[in-house]
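Fold and contact review
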Amino acid sequence: STQSTWVTLQVGPKSHVLGNELQWAMFMNHSCEPNVIIKISNSTSHNNGSQIETLSFVSYSDIKAGDQIMFNYLSTEYEMDEAFDCMCGSLNCLGKIQGFKYLNSQQKASIHHLTALHLHESEQ
């Protein structure tokens, strides 16, 4: 899908995967200090030449039994369908979460190591 909704995950500049295709994503919350990074890899299918997105979770900090799995929504979403006020409690909390597009240059630099490549492509 090219349309962003509150139940999609952005995997490319104009590509979103619906939550019902990624049921796990429905249970992951946002944090400005995530314990997981989502890595998005694109490859081409040998059968029909179509693009395939592979999603991988990479631990960003120690995760103990019972911990919530959280990622920074700004690491994949250029412009979110529904903005919200973050209440993660982090000292580095970014406040209103509405998409990577709305961050200033200092904020973008502070999360650069977390962000998917398509966000930087969208900036050009």
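Above this note sits the structure.
In this report, the structure presented in the accompanying data block is examined.

**A closer look at the overall build of the protein**
- Within the protein, the regular secondary structure consists of two helices and eight strands.
- In sequence order, the protein lays out its α and β elements as β-β-β-β-β-β-β-β-α-α.
- Put simply, the protein has 124 residues, and 36% of those count as buried.
- Long-range contacts, defined here as pairs at least 24 residues apart, represent 53% of the contacts in the protein between residues at least 6 apart.

**Section: the side chain of N72**
- Positionally, N72 belongs in the loop between strand 6 (70-71) and strand 7 (84-85).
- Of the polar contacts made by the side chain of N72, one reaches the backbone nitrogen of L74; its length is 2.8 Å.

**Here's the deal with the nonpolar core**
- Core analysis: the largest hydrophobic core is formed by 23 residues, its most contacted members being F71, L74, L94, I97, F100, L103 and I111.
- Mapped by element, the contributors of at least two residues to this core are strand 1 (8-12) and strand 4 (36-44).
- In terms of residue count, the dominant contributor to this core is strand 4 (four residues).
- Sequence-distant contacts of L103, defined by excluding residues within four places in its chain, comprise L74, L94, K108 and I111.

**Comments concerning the pattern of salt bridges**
- All told, the structure shown has one salt bridge when counted by the stated rule.
- The salt bridge partner of K101 is E79, with a shortest N-O separation of 3.4 Å. Here K101, found in the loop between strand 8 (96-97) and helix 1 (105-110), pairs with E79, found in the loop between strand 6 and strand 7; they are 22 residues apart in sequence, far enough to count as distant.

**Observations concerning the pairing of strand 1**
- Summarising burial for strand 1: five of the five residues are buried, a large majority.
- Where strand 1 folds back onto strand 2 (residues 15-18) in an antiparallel hairpin, the turn is made up of two residues.

Conventions we followed
Residues numbered from 1 in each chain as written. Predicted model: local features only at pLDDT ≥ 70, side-chain atom pairs only at ≥ 80, totals over all residues. Heavy atoms only, no water. Helix = DSSP H or I, 4+ residues; strand = E, 2+ residues; numbered from the N terminus. Buried < 20%, exposed > 50% of the residue type's maximum accessible area, 1.4 Å probe, protein only. Contact = heavy atoms within 4.5 Å. Polar contact = N/O pair within 3.5 Å; in protein donor to acceptor, adjacent residues only side chain to side chain. Core = buried A, V, L, I, M, F, W, Y, C linked by side-chain atoms within 4.5 Å. Salt bridge = Lys/Arg side-chain N within 4 Å of Asp/Glu carboxyl O. Pairing = 2+ DSSP bridges.

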